[in-house]
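# Notes for the structure review
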Amino acid sequence: LGPGIRIASIEELGPGGSWSTCMNGCAYNPPQDVAHVQFKSRIAFKLVWSPRDDFKSFVLVDDDGNLLNYGTPLPPLPNYSYRQMNYNMVAGSKYARAADTFGDDRTVFNNSSSTPINQAE
């Protein structure tokens, strides 16, 4: 791995550590982003801002697009256009499903079924 990846890596997470990669191409099936194509790896999680509340909340999804967690951070938030661009990069893909179904009641649907996953406040 290059020095930038080694510096930003979390060694405690196991051999090879961890790193972030570009999302470009992740909306294809199969994903064509750097993690999947260049590194031939799966992602641990992807953060996706939700259009359901005007990009004020985000979901964390795994490599299959299943919900891991969600959050609604306090301001200051990243620039609105960056949050919107983040969602647009995954729109229509498995990674967008949890963000698309993010509800006011904090119920998000598992991608493999119509069973709701009720998240605690």
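Note that the structure is a prediction, hence the values are computed from the model and not measured.

## So, the packing of aromatic side chains
How two aromatic rings sit relative to each other is set out by the distance from centre to centre and by the angle between their planes. Summed over the entire model, instances satisfying the criterion amount to 4 aromatic pairs. An aromatic cluster is defined as three or more aromatic residues linked by ring pairs; in this entry it consists of Phe55, Tyr80 and Tyr87. Over the aromatic face of Tyr95 sits the side chain of Lys46, whose NZ or CZ is 5.0 Å from the ring centroid. Directly above the ring of Trp49 sits Arg83, whose terminal nitrogen or CZ lies 5.7 Å from the centroid.

## With respect to helix α3 (residues 80-90)
Turning to α3, its buried residues are Arg83, Asn86, Tyr87 and Val90. The buried residues of α3 occupy one face: seen down the axis, they fall within an arc of 90°. Among the structural elements, β1 (46-49) and α4 (97-100) are those in contact with the buried residues of α3. In the segment just after α3, Gly92 is the residue with positive phi, at about 85°.

## Here's the deal with the sheet that holds strand β2 (residues 58-61)
Pairing within the open sheet is antiparallel, and its 3 strands lie in the order β1-β2-β3. Single-partner strands in this sheet number two, and they are β1 and β3 (67-71). The sheet shows a mean angle of 25° between the axes of neighbouring strands, direction not considered. Pairing geometry for β1 and β2, over 4 bridges, is antiparallel. Each residue of the ladder has a partner; that of Leu47, found in β2, is Leu60.

## Brief notes about the pattern of salt bridges
Scanning the model with the defined rule gives 2 salt bridges in all. In this structure, the salt-bridge partner of Asp63 is Arg42, at a minimum N-O distance of 3.3 Å. Of this pair, Asp63 sits in the loop between β2 and β3 while Arg42 sits in the loop between α2 (34-37) and β1; the two residues are 21 residues apart in sequence, bridging distant segments of the chain. Note that Arg42 and Asp64 form a salt bridge whose closest N and O atoms lie 3.5 Å from each other. Taken together, the residues span a long stretch of sequence, with Arg42 in the loop between α2 and β1 and Asp64 in the loop between β2 and β3 at a distance of 22 residues. For Asp64, a relative accessible area of 40% corresponds to the partly exposed category. Here the salt bridges share partners, and the residues they tie into one network are Arg42, Asp63 and Asp64.

Scoring rules and cut-offs
Residues numbered from 1 in each chain as written. Predicted model: local features only at pLDDT ≥ 70, side-chain atom pairs only at ≥ 80, totals over all residues. Heavy atoms only, no water. Phe/Tyr/Trp six-rings, centres within 6.5 Å; stacked < 30°, edge-to-face > 60°. Lys NZ or Arg CZ within 6 Å of the ring centre and 35° of its normal. Buried < 20%, exposed > 50% of the residue type's maximum accessible area, 1.4 Å probe, protein only. Helix = DSSP H or I, 4+ residues; strand = E, 2+ residues; numbered from the N terminus. Arc of directions from axis to C-beta. Contact = heavy atoms within 4.5 Å. Pairing = 2+ DSSP bridges. Axes fitted to C-alpha atoms, helices over the stretch in contact; angles between N-to-C directions. Salt bridge = Lys/Arg side-chain N within 4 Å of Asp/Glu carboxyl O.

Function cannot be read off these values alone, since they describe shape.
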